[in-house]
Amino acid sequence: MLYCFLVKLGGTFYSFQWDILLLECGFVASICYAPWVRLRLCHKNIEQIDNIGAWPLRFLLFKLMFMSGVVKVLADCPTWLDLTALEYHFATQCLPGPFAWYAHQLHPFILRLSVAMTLLIEIPMAFLLIFPISRWRRFGAYFQIILQILIISSGNYNFFNILTMVLCIPCMEHEKINETDNNGKIPRAYIDIPVFLAVLSWCFQKMFTLKFADEYERKDINISLAMTKNQCNNMIEQTVPAAIIMSFLFLSVSGIKGVNAATKGKSIVSVLTTLFHLLTCFLCLGILSVPFLQLTQGLHHQSAMAPARLFIQPWSFVQPYGFSNGYGLFRRMTGVGNNQKYDANNQGWAGVPPSIVSRPEIILEGLFAKNNSWRELNFRWKPGNVYDMPKQVAPHQPRLDWQMWFAALGSYQHNPW
């Protein structure tokens, strides 16, 4: 509540998506997990009780990553559709990290493959975070953590990446890597890992295509997005209702196991506590699912989205406080220059128009009375002097530096502050 008060007072300077993500994380943790830490001690099976409160947190992470992935395709941004986003990103992001310059020099194929892997991790692999098998959830969490570490290494996004990695903790239950199947002969890891790799390869094949820019000479292999906006819409309308329904189902199963564990202790207080915990998590999960209705026009009218529509009224109560939100990180890439002057004979790598980076900046100058000269006033963290290496500032966020970057992308009419 204190941070909610700060966000309301901060206005434009506290309107970032990681601010509302922190509010949502605090809301979910405060009603689904934290209050039950002491109450769980009356249960014999502590792990089952913990697992009840973990499902809303897992669903929140799924919502964050999945929505951040699909909006990149739905926004019709050419840089995401052509997989060239990273050819701009490292040079045009608000606060580049010390290694951003080196990342910007990577080969275009590596950068486009990295964009493809980003979309692969954010869209299909996000479903692993709410998968009923714990090892598969850990696979999904590992890849999300790797993605966040790579983002940290090249840019400064304050506590966002750390908070996302913290959300991966509920997906990381302890499980012996050499756990065997029912016959006690084959370790399950030896079965799950090949199946996981096969599913990953299938998703990659469905989403992307690899081909040579020149089929005759077979050189300059390029990767491109095979999924269109309409196909993405259809995928969302087919998978999101199933994900919401299955999340409610898995939460119910965990709740039944928790009630069963409580009954073994022969304590009516334990049973009632577990039931109330389960109902609280049901309410929270339903409120978290409502923003999916705004993702596409077709979702709101689907009968399968009835579980989400049931919670519109409670969602409307908590939404003004930022406790349940939609996300669209990096929906459109900034800093895209004009490449229309390049004709067909002056193409970029693999036949794609060259990536022309354009980074607008607002330059502040001051008049120094000592020598009566104007000098540029550089910010402490925002790029200014081109001879200075970008600094590492995360997890701190210099909010004025951030707002100056946004202001340079628009006009003063859109930035009344």
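About the cut-offs
Residues numbered from 1 in each chain as written. Predicted model: local features only at pLDDT ≥ 70, side-chain atom pairs only at ≥ 80, totals over all residues. Heavy atoms only, no water. Pairing = 2+ DSSP bridges. Helix = DSSP H or I, 4+ residues; strand = E, 2+ residues; numbered from the N terminus. Salt bridge = Lys/Arg side-chain N within 4 Å of Asp/Glu carboxyl O. Buried < 20%, exposed > 50% of the residue type's maximum accessible area, 1.4 Å probe, protein only. Contact = heavy atoms within 4.5 Å. Axes fitted to C-alpha atoms, helices over the stretch in contact; angles between N-to-C directions. Parallel < 35°, antiparallel > 145°, perpendicular 65-115°, else oblique. Left-handed = near helix turned anticlockwise from the far one by under 90°. Nonpolar A, V, L, I, M, F, W, Y, C, P; charged D, E, K, R; others polar.

Describing the pairing of strand 3 (residues 365-368)
Thinking step 1. Bridge analysis of strand 3 against strand 4 (residues 373-376) gives 4 bridges, and the strand direction is antiparallel. Counterpart to Phe368 in the pairing with strand 4 is Ser373.

Brief notes about the pattern of salt bridges
Thinking step 1. Counted according to the given criterion, the structure contains 7 salt bridges.
Thinking step 2. Ionic pairing is found between Asp19 and Arg399, a salt bridge with its closest N-O pair at 3.0 Å. Of this pair, Asp19 sits in helix 2 (residues 17-32) while Arg399 sits in helix 16 (residues 399-409), placing them 380 residues apart in sequence. With respect to burial, Asp19 and Arg399 carry one shared label: buried.
Thinking step 3. Taking the shortest distance from any N to any O, the salt bridge between Lys72 and Glu122 comes out at 3.1 Å.

Details of unusual backbone geometry
Thinking step 1. Of the consecutive residues Ala394 and Pro395, the connecting peptide bond is found in the cis state with omega at 15°.
Thinking step 2. For Pro395, the location among the structural elements is in the loop between strand 4 and helix 16.
Thinking step 3. You will see that Asp76, though not glycine, has its phi angle at about 60°, which is positive.
Thinking step 4. In this fold, Asp76 is placed in the loop between helix 4 (46-74) and helix 5 (78-81).
Thinking step 5. A positive phi angle is found at Phe330, which is not glycine, with a value near 55°.

Side note on the environment of Leu57
Thinking step 1. On the secondary structure map, Leu57 appears in helix 4.
Thinking step 2. Leu57 sits 113 residues away from Pro170 along the chain, and the two C-alpha atoms are 6.9 Å apart.
Thinking step 3. When neighbours within four sequence positions are excluded, Leu57 is seen to be in contact with Val28, Ala29, Tyr33, Leu167 and Pro170.

Describing the packing of helix 2 against helix 10 (residues 160-167)
Thinking step 1. The interhelical angle for the contact between helix 2 and helix 10, taken along N-to-C directions, is 30°, at an axis separation of 10 Å. Comparing the axis directions of helix 2 and helix 10 gives the class roughly parallel. In this structure, helix 2 meets helix 10 at a crossing whose hand is left-handed. Packed against helix 2, whose contacting residues are Trp18, Leu21, Leu22 and Cys25, the element helix 10 presents Phe160, Leu163, Thr164 and Leu167 at the interface.
Thinking step 2. A breakdown of the residues in the contact of helix 2 with helix 10 according to their chemical character gives 7 nonpolar, 1 polar and no charged.

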